[in-house]
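The lines below spell out each chain.
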Amino acid sequence: MLEEEPVSLHDAPTRPLNMIEAINDALDIMMAHDPDIVIMGEDVGYFGGVFRATAGLQGKYGKNRVFDSPINECGIIGAAVGMAAYGLRPVPEIQFADYIYPGLDQLISEAARLRYRSAGEFIAPITIRSPFGGGIFGGQTHSQSPEALFTHVAGLKTVIPSTPHDAKGLLIAAIEDNDPVIFFEPKRIYNGPFDGNYDSPSKTWKAHPGGQVPEGYYSIPLGKARTVREGSAMTVLVYGTMVHVAEAVLEAKGVDAEIIDLRTLVPLDMEAVEKSVEKTGKCLVIHEATRTSGFGAELASLVQERCFYHLEAPIERVTGFDTPYPHSLEWAYFPGPVRIGEAVDRLMNADS
Amino acid sequence: MTEGPARSGKLRGNLPPLEFYVPEPRYRPGDTVDYSHLEIPEAGTAARPDEACEARETGPLTTGLIRVLDDGSQAVGPWNPNLDPETLRRILRMMALTRAFDDRMYRGQRQGKTSFYMKSTGEEAISVACAFALAEDDMVFPSYRQQGILISRGYPLVEMINQIYSNRADKLKGRQLPIMYSAKDYGFFTISGNLATQFPQAVGWAMASAIKGDTRIATSFIGEGSSAEGDFHAAMTFAAVYNAPVVLNVVNNQWAISSFSGFAGAERTTFAARAAGYGIAGLRVDGNDALAVYAAMEWAANRARANKGPTLIEHFTYRAEGHSTSDDPSAYRSAREAEEWPLGDPVMRLKNHLIALGEWSDAQHAEMDRALAEDVRAATKEAEKNGILGHGLHHPFHTMFEDVFEDLPWHLREQADQAIRERRTKWPEWKE
């Protein structure tokens with residue numbers, strides 16, 4: 001989409017940003033380059049969003065391009081489909097992932113199906129940004145991780161960043177993509193990485209390499225996983241907040257695990273997954289979402305279909321429990337260090 | 001003692017138990033039909049406010065009925081659009097063509113040439129007259145019964161039939177149920193089988209047109225039945241909030257498959273009256289009167305184009321035939337309803353008006369019908385060269401996996417390979 005060549009990450013100066021600032025930066029850069037990009041959503045205009053992701057954008061680009069919307073997700077996504085049919089590139093915000101359900105028909109039956117049903121006459125280059133996940137005392141309606149619902153829909157892409165650096169590059173790629181993209185932002189790590197120890201002081205992104213964000217334009221292709229750290233003892237497939245929790249647990253246990261941040265669930269970087277599992281022979285899948293029919297089930301199935309003869313132990317799945325996200329007991333729900341640690345031990349102790 | 005409201009039923013006294021209410025239509029199969037309860041005002045009696053008026057000034061028009069053609073086939077009153085005879089003949093011709101097309105496609109479905117069809121019999125004035133009142137490049141977000149718009153805009157009948165047959169020339173590659181056309185070059189959005197989704201989409205398109213400082217407006221059509229969907233409320237709210245240049249149409253044809261309009265709230269008020277709650281203009285129009293429909297759409301389109309905001313139009317009409325080829329209305333409604341519909345047949349009413357003007361004759365009409373039937377027959381023959389449904393002349397097999405995404409991801413590539421293997425197993429000689 002951009003005329004200019006992407007800036008090489010090695011050359012671009014970086015600066016420390018938190019994930020909100022990185023997302024804001026991506027939106028700013030894309031709006032400056034493409035006059036067809038519009039942002040709408042509840043509280044995104046003058047106020048700049050309840051998490052401040054769109055702060056300053058209305059002032060800079062005007063009310064015609066950044067505006068508040070009625071509290072109606074069906075209308076937000078439905079209007080975005082119409083705007084896309086006109087030729088715009090809408091980037092609506094759904095204030096919490098938990099609020100997206102009233103818009104599902106417009107998303108699943110319409111946005112995701114336009115290209116197919118019209119044989120390419122109409123497309124829906126829409127990026128829906130939405131904060132998701134728990135660990136912020138949001139209760140059951142501000143904590144959910146509904147990504148599996150969207151990976152199940154033909155025609156939708158699902159992207160989940162785990163660092164400010166990735167959030168910016170992936171969001172730019174999502175906006176440039178000509179298919180509808182669900183961009184889930186793990187709100188627990190907006191302000192800093194989270195190691196799963198909720199009773200320890202919070203960290204900021206300042207000391208984390210993923211918090212160093214290059215200036216200017218760059219994109220990270222959808223469908224390319226990131227190897228967080230190399231290792232040989234097991235492969236850990238993970239995304240979002242849980243990347244950091246997994247990293248901390250394996251570090252603490254001194255396990256030489258290979259951690260793969262999937263970044264995009266659809267399309268999935270299966271090549272990276274297979275390569276790693278073939279090397280390590282063991283696989284641990286982690287997500288914060290509920291367990292049954294979660295995306296972990298898809299991952300476990302794919303790994304056993306394609307890497308079965310390399311596996312030395314049953315695939316382990318660590319997830320949230322199959323309950324609504326409870327307010328006071330959210331840390332009992334959260335797949336924290338103890339739950340992950342148990343699974344790691346089982347894998348390490350498995351007879352091969 | 002606890003404070004606060006009483007916890008027992010002692011405040012209820014001797015009230016009878018609550019009664020649950022389920023609407024019931026007036027007539028069921030075999031019943032005689034009496035439409036005397038319908039208030040049908042005389043043609044020409046509705047006032048026509050300025051197109052730039054305050055929305056609330058349209059209040060009386062949302063409960064009345066805008067009518068232009070009177071019982072003597074004259075065009076009367078302030079809503080008379082004063083169309084020249086040549087335009088009237090073109091509108092009549094497109095309505096007759098729509099009907100001829102519907103009849104032929106219905107028979108084609110019965111002959112096994114396709115799986116499904118939906119006629120618009122009795123509702124031709126709505127789609128055709130609206131198409132004439134709009135600019136050619138205004139964007140239409142249709143439901144499944146606005147084929148008259150596509151026909152009026154000159155979309156080739158052969159393309160429509162290719163789509164209905166899902167044959168190898170079908171531009172939609174055989175993916176959509178028959179009649180779910182998509183024609184971007186004709187300002188006609190891809191039809192969805194999910195009801196009312198097009199309503200907020202039309203508003204979004206109109207918002208985009210206004211954002212870009214364009215001059216084009218959008219319009220959308222839903223049935224009265226699907227006005228019950230949340231999408232209706234979403235569309236009306238967004239249209240009102242952003243003053244969107246959009247005309248939102250509810251085609252009230254009394255029946256949603258077997259559910260009468262009472263299940264969408266028609267026993268309480270008109271559909272046009274809902275406009276008042278959103279503070280937008282509303283019009284209720286005799287949907288079987290092509291001139292009234294034209295005048296209402298022209299009014300609303302001019303209003304939208306002048307930045308005066310959206311309009312909700314209720315087209316009061318009657319679904320003269322089944323919901324679709326899969327439906328048998330004799331199982332749930334009186335056959336007398338269509339025959340006795342007090343607003344008559346839209347084609348005959350416009351025909352009689354032209355005859356009354358001395359601009360048309362029965363003989364000319366019969367000759368037009370004959371010629372149109374021949375045109376449709378010729379288009380059908382032409383389309384059949386590309387195949388009919390289920391006879392092998394469909395789109396190449398591999399196209400099934402295209403257009404899910406812009407690019408084919410690995411999982412779909414693998415599934416495409418699987419599908420091709422299955423095909424080769426079943427038909428070893430198969431080549432594409």
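Residues numbered from 1 in each chain as written. Chains lettered and ligands numbered in written order. Predicted model: local features only at pLDDT ≥ 70, side-chain atom pairs only at ≥ 80, totals over all residues.

Novice: Before we go on, may I ask you to explain the domain arrangement of chain B in this structure?
Specialist: Interface size is commonly expressed as the accessible surface area that is lost when the partners come together. Taken domain by domain, chain B consists of domain 1 (55-384) and domain 2 (397-426). Domain 1 of chain B and domain 2 of chain B are separated by 38 Å when their C-alpha centres are compared. (Domains from an automatic or database assignment.)

Novice: Help me understand the domain arrangement of chain A in this model?
Specialist: Residues and elements named next belong to chain A. One can read the domain layout of chain A as domain 1 (14-214) and domain 2 (226-349). Taking the mean C-alpha position of each, domain 1 and domain 2 sit 25 Å from one another. Counting from both sides, the interface comprises 30 residues of domain 1 and, opposite them, 31 residues of domain 2. Those elements that provide at least two residues to the side of domain 1 that touches domain 2 are helix H6 (147-151), strand E6 (157-159) and helix H7 (164-176). (Contact = placed C-beta atoms within 7 Å. Helix = DSSP H or I, 4+ residues; strand = E, 2+ residues; numbered from the N terminus.)

Novice: Quick question: what am I supposed to make of the interface of chain A and chain B here?
Specialist: Between chain A and chain B, the contact holds 36 residues from the first and 34 residues from the second. Within the residue set of the side of chain A that touches chain B, elements represented by two or more residues are helix H3 (73-86), helix H4 (104-111) and helix H5 (114-117) of chain A. The biggest single contributor to the side of chain A that touches chain B is H3 of chain A, with ten residues. Within the side of chain A that touches chain B, the residues separate by chemical class into 18 nonpolar, twelve polar and six charged. (Nonpolar A, V, L, I, M, F, W, Y, C, P; charged D, E, K, R; others polar.)

Novice: Whenever I open this one, the sheet that holds strand E7 (residues 181-186) of chain A confuses me. Can you help?
Specialist: Backbone-to-backbone hydrogen bonds pair the strands of a sheet. The strands run either parallel or antiparallel. Residue and element names in this part refer to chain A. Strand order in the open sheet formed by four strands is E5-E7-E6-E12, with mixed pairing between adjacent strands. In this open sheet, the two strands that pair with only one neighbour each are strand E5 (127-132) and strand E12 (264-266). When strand polarity is set aside, the average angle formed by the axes of neighbouring strands in this sheet is 20 degrees. Where E6 meets E12, two bridges bridge the pair, whose relative direction is antiparallel. Opposite Thr 158, over in E12, you have Val 266 as the bridge partner. Taken strand by strand, H7 contacts E5, E6 and E7, and its axis lies near 165 degrees from that of E7. (Pairing = 2+ DSSP bridges. Axes fitted to C-alpha atoms, helices over the stretch in contact; angles between N-to-C directions.)

Novice: I would appreciate a short explanation of the confidence of the model for chain B in the present structure.
Specialist: Should the pLDDT be low somewhere, the predicted coordinates at that spot are not to be read in detail. Counting all residues, the mean pLDDT for chain B is 96, and 98% of those residues have values of 70 or more. This prediction of the complex comes with two scores: 0.97 for pTM and 0.96 for ipTM. (pLDDT = per-residue confidence, 0-100.)

Novice: Explain the sheet that holds strand E2 (residues 37-41) of chain A here, please?
Specialist: Residues and elements named next belong to chain A. Taken together, the three strands give an open sheet; going across it, the order is E3-E2-E4, and neighbouring strands pair in parallel fashion. Each edge of the sheet is formed by a strand with only one pairing partner; in this case those strands are strand E3 (66-68) and strand E4 (89-90). Looking at chain direction, E2 and E3 are connected through three bridges and run parallel. Bridging across to E3, Gly 41 finds its partner in Asp 68.

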